[in-house]
Amino acid sequence: MISKFIFNNHFLWNDLPEQDKKSLKEVMQIKKYRKSEAIFTEGTLAAGIFFVQTGKIKKYKADNFGREQIIYIYNSGEFFGYSAVLGEEPYGDTTVAIEPSIISFIEKEDFLRILSQSDVFSRLLLKCLSHEFIVMANLLAVLSQRTVRERVALCLVILDNKYRIAANENEKVYITLSRRDLANMAGTANETLARVLHDFKEEKLIWMEGRRIRLVNTQLLMHAVNI
């Protein structure tokens, strides 16, 4: 059940034919980003799409008071920025590196050319857009209807899944997202988040040290999501 709240598009790259991968690699422009450095901001011209080589990227929207609502976390192997290019609109959100990252940029003209030449790429991208829409609808329903405890529990499970992808099979997974970002993801205040995390720690659902969080009892934490 939890999978309907977790967005990832690794299949978009993994399922591409080798020729399409080769075509994309030939036009990729690689750039390193520092922690907290923006890749693009909401309202800017959509000049192309991006592919995460290493690192993690947060995608968020900000209100008039500058408060962030984090929508997704992208990690290595995922594309982003394609919705704006396909819709011929400015980027509809802001993306920022939450850790040192290496990102490949593909110019709009190259992306559209390769897309027009590949039925497989077109089909996978359509699947990706559909998946993104469904996950967004599910997350919006949770954020508007669930308690803070349920929202924080869900965010921790989602993040554990994201961080686990880059880990080895038997390696312990630590969530290192800042408390501010975690609060923004759950749609709550920092002080409220701190109380909920303290409760989870006391209930032995999570382990915490500094900014690191590790899920201790994932099944009980998922039960706390109440979905």
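Note that the structure is predicted; figures quoted are calculated from it, not measured.

**Student:** In this structure, what is going on with the packing of aromatic side chains? I would like to understand it.
**Tutor:** Think of a pair of aromatic rings as described by two things: how far the centres are apart, and how the planes are tilted against each other in angle. Considering all chains together, one arrives at 15 aromatic pairs under this definition. Ring centres of F50 and Y91 lie 6.3 Å apart, and the angle between their planes is 55 degrees; on these two criteria the pair is classed as tilted. Remark: Y91 occurs in the loop between α3 (82-87) and β7 (94-97) and F50 occurs in strand β3 (residues 48-54); sequence separation between them is 41 residues. You'll find F50 and Y91 in the same group, each marked buried. Connected via pairs of aromatic rings, a cluster forms that spans F7, F40, F50, Y72, Y74, F80, Y91 and F105. We note K56 situated over the ring of Y163; from NZ or CZ to the ring centre the distance is 4.4 Å. Sitting above the plane of the F11 ring, K127 keeps its charged end 4.5 Å from the centroid.

**Student:** What is the right way to read the environment of F121 from this model?
**Tutor:** You can see F121 is positioned in helix α5 (residues 119-145). According to the relative accessible area criterion, F121 is buried, its value standing at 1%. Setting aside residues no more than four positions away along its own chain, F121 makes contact with L12, L16, D20, L24, F111, I114 and L115.

**Student:** What am I meant to see in the environment of L139 here?
**Tutor:** Note on placement: L139 falls in helix α5. Along the sequence, L139 and N161 sit 22 residues apart, while their C-alpha atoms lie 16 Å from each other. Apart from residues lying up to four places away in sequence, L139 is in contact with F5, I71, Y72, L154 and I158.

Rules used in this analysis
- Each chain carries its own residue numbering, running from 1 in the written order of its sequence.
- The model is predicted, so local features are restricted to residues of pLDDT at least 70 and side-chain atom pairs to those at 80 or more, both for listing and for counting; the totals for chains, interfaces and linings are taken over all residues.
- To obtain the side-chain values, all non-hydrogen atoms of the structure were used and water was disregarded.
- Aromatic contacts are taken between Phe, Tyr and Trp rings whose centres are within 6.5 Å, Trp giving its six-membered ring; a plane angle under 30 degrees counts as stacked, one over 60 as edge-to-face, and the others as tilted.
- Numbered from the N terminus, helices here are DSSP runs of H or I no shorter than four residues, and strands are runs of E no shorter than two.
- Remark: exposure states derive from per-residue accessible area (1.4 Å probe, protein chains only) relative to the maximum for the residue type, with buried under 20%, exposed over 50%, and partly exposed in between.
- Whether a charge lies above a ring is judged from NZ of Lys or CZ of Arg, which has to be within 6 Å of the ring centre and within 35 degrees of the ring normal.
- Should any heavy atoms of two residues lie within 4.5 Å, those residues are considered in contact.

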